[in-house]
Amino acid sequence: MTNPPPAPEPAAASEAPEAVTTPGEAAAPGARLPGPGQSRPPQRVTLRSDLRASWPDGLVALLITAAVFALLYVRIRDKTSSTVSVMPFMADTGAFWLYFLSQAFGWSALLWAWGTVILGLLLSGPRPRRLPLSAPRLERLHRTTSLNTIGLIAAHALLFAAELVRHDTAGWNSALATAFVETFVPGGYDSGTGQIAIPVGQAALYLAIPLGLLFYVRHRIGPRTWRVLHRFVIVVYVLSVWHTLLYGTNVWYDGWFRTSVWLLQLPIAAVLLLRLLRPARRSEHLPARPGATASPARWALRLGGRLLVAGILVALIAVVVSGNDGGRSVPPADTSSTHDHG
């Protein structure tokens, strides 16, 4: 596969207005230490503090990426991966290991984006009575997984570009320019399915970065503006999944692997629907009919959103149960065609 996204749900922070520092965090320079019996005053969450706190989550992500790479490598070496059916020349694992590493980062980015979205939906709506961690710790985990999702998506794209450079026979400066255009410029990749799939992945990357980092300047743009923009994080996740299903050679054909990707979307749709039906803010509730609390246009928009998500959930269930998930039919072995990187 070539991107997830991410992320990295990626990729955003929770809707809590401020987070409280934990006992293990350092006080801000010049801050007065609390006296006996006094609690530490709340401090604004910063990008620097979250980057420092993100290393355990990032280490786990790298370990998962290494495991996925090993799995992809073995499956391609043994010719049991659909990647070999799509692109037979990639059976040479020694020549294309960098591409497989890019795929591995793409899969871990999608997994981290999935977790980020789930955490964001749980934290922004009615919370379960029992949580494995305290709410502040879950909110920090949501932010660190968001940051790591962005990093995983970026690594996925950079490794894809490195693979293009590695196999380009032109001079290094020309190869770098071509790889940059094909990887990062919309419309620059003009071959096969990549004409659509690559711009979709680029859109996920270019939306994930600002939407994920806006949390750290929400005190400047205003909480209301930030909340409105933050809701578009779900679009990043949808683009990531779309990119994967379009261009991931591991899920190119019908089968359990592709169906499992669809299956993972069921919890997202279910939690999102629950979030809409039971919003945490009273202003987001759907009244029985338009009135003083909601204009006809706003009431219709809220109702339409709930019906749309419910319809998506039903469609996902139908896809998983029927197995008709949009994959291509496996061609006969002697007629397998060669495709570009995907």
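One can find the structure itself at the top, above this paragraph.
The written sequence of each chain sets the order in which its residues are numbered from 1. Local features in this predicted model are restricted to residues whose pLDDT is 70 or higher, and side-chain atom pairs enter the listing and the counts only when it is 80 or higher, whereas totals over whole chains, interfaces and linings include all residues. Values reported for side chains reflect all heavy atoms of the structure, with hydrogen atoms and water molecules removed beforehand.

Student: Which residues make up helix 11 (residues 256-277), and what are the values?
Tutor: Only DSSP runs of H or I covering at least 4 residues are called helices, and only runs of E covering at least 2 are called strands; the numbering of each starts at the N terminus. Helix span, expected: 1.5 Å multiplied by one less than the number of residues in the helix. With 22 residues, helix 11 ought to run about 32 Å at 1.5 Å a step, and its terminal C-alpha atoms sit 32 Å apart, in line with that. Listing the buried residues of helix 11 in full gives R258, T259, V261, Q265, L266, I268, A269, V271, L273 and R275. Residues count as neighbours in contact if any of their non-hydrogen atoms are within 4.5 Å of one another. Packing partners of the buried residues in helix 11 comprise helix 4 (93-124), helix 10 (233-247) and helix 12 (296-322). Throughout this description, buried means an accessible area under 20% of the type-specific maximum (1.4 Å probe, protein chains only), exposed means over 50%, and partly exposed covers the range between.

Student: Quick rundown of a nonpolar patch on the surface? Include the residues and the values.
Tutor: Note on patches: the residues involved have over 30% relative accessible area and no salt bridge, like charges join within 9 Å, and the nonpolar side chains Val, Leu, Ile, Met, Phe, Trp and Tyr join within 5 Å. Each accessible area is a Shrake-Rupley result for a 1.4 Å probe, and residues are judged covered by the shown protein chains and nothing else. Salt bridges are identified by distance alone: a Lys or Arg side-chain nitrogen within 4 Å of an Asp or Glu carboxyl oxygen. A cluster of nonpolar side chains, namely L47, L51, I209 and L213, defines an oily patch on the protein surface of about 290 Å² accessible area. Of all the elements in the fold, those that place two or more residues in the nonpolar patch are helix 1 (47-53) and helix 7 (194-213). Position of I209 among the secondary structure elements: in helix 7. The exposure class assigned to I209 is partly exposed, which follows from its relative accessible area of 34%.

Student: Provide a residue-level description of the side chain of T145, including the pertinent values.
Tutor: Locating T145 in the fold gives a position in helix 5 (residues 135-166). A distance of 2.9 Å separates a polar atom in the side chain of T145 from the backbone oxygen of H142. Excluding residues that lie within four positions of it along the chain, T145 makes contacts with D57, W112, T116 and L119. A 3.5 Å cut-off defines polar contacts: any pair of N or O atoms within that distance qualifies, except that in protein one atom must be a possible hydrogen donor and the other a possible acceptor, and neighbouring residues in sequence count only when both atoms are side-chain atoms.

Student: How would you summarise the pattern of salt bridges if you had to cite specific residues and measurements?
Tutor: Taken as a whole, this structure holds 5 salt bridges when the rule is applied. Taking the shortest distance from any N to any O, the salt bridge between D50 and R143 comes out at 2.6 Å. One end of the pair, D50, is in helix 1; the other, R143, is in helix 5, and 93 residues separate them in sequence. Taken as a pair, D50 and R143 share a single burial class, namely buried. Between E163 and R166 there is a salt bridge, and its shortest N-O distance comes to 3.9 Å. Placement of both E163 and R166 in helix 5 is noted, with a separation of 3 residues, approximately one turn of the helix. Looking at R166, the relative accessible area reads 40%, which means it is partly exposed. Salt bridges linked by common partners bring D50, R140 and R143 together as one network.

Student: Please provide a residue-by-residue account of unusual backbone geometry, values included.
Tutor: Located in the positive-phi region is K79, a residue other than glycine, with phi close to 60°. Position of K79 relative to the elements: it lies in the loop between helix 2 (55-77) and helix 3 (82-86).

Student: Outline the nonpolar core, listing residues and values.
Tutor: Throughout, nonpolar core names a set of buried Ala, Val, Leu, Ile, Met, Phe, Trp, Tyr and Cys residues whose side chains join them through atoms within 4.5 Å. Within the largest apolar cluster, 31 residues are counted, with the highest numbers of intra-cluster contacts made by M90, Y99, F100, L152 and F160. Put simply, the parts of the chain that give this core at least two residues each are helix 2, helix 3, helix 4, helix 5, helix 6 (172-184) and helix 7. In this structure, V68, A104, L121 and I268 belong to the second largest nonpolar core, which totals 16 residues.

Student: Any details on the environment of L111? Residues and values, ideally.
Tutor: Inspection of the secondary structure assignment puts L111 in helix 4. Along the backbone, L111 and T149 are 38 residues apart, and their C-alpha atoms lie at a distance of 8.6 Å.

Student: Can you tell me about the environment of N324, naming the residues and giving the values?
Tutor: Looking at the secondary structure, you find N324 in the segment after helix 12. On the basis of relative accessibility, which here comes to 60%, the residue N324 falls in the exposed class. Separated by 65 residues in sequence, N324 and T259 have C-alpha atoms that sit 8.5 Å apart.

Student: Hey, could you go over the packing of aromatic side chains for me, with residue numbers and the actual values?
Tutor: The way to describe two aromatic rings as a pair is by their centre distance and the angle between their planes. In this analysis, rings of Phe, Tyr and Trp, with Trp reduced to its six-membered ring, are considered paired at centre separations within 6.5 Å, and the interplanar angle assigns stacked below 30 degrees, edge-to-face beyond 60, and tilted for intermediate values. This structure, assessed with the given rule, holds 10 aromatic pairs. Pairing F89 with F96 gives two aromatic rings, centres 5.4 Å apart and planes at 65°, and the pair type is edge-to-face. Given the relative accessible area of 9%, F96 is considered buried. Ring centres of F215 and Y216 lie 5.2 Å apart, and the angle between their planes is 90°; this geometry places the pair in the edge-to-face category. Each of the two residues, F215 as well as Y216, counts as buried. Ring pairs connect the aromatic residues Y99, F100, F160, Y189 and Y247, which therefore count as one cluster. The ring of F215 is capped by R218, whose NZ or CZ atom sits 4.0 Å from the centre of that ring. Charge-over-ring placement is defined geometrically: NZ (Lys) or CZ (Arg) within 6 Å of the ring centre, and within 35 degrees of the ring normal.

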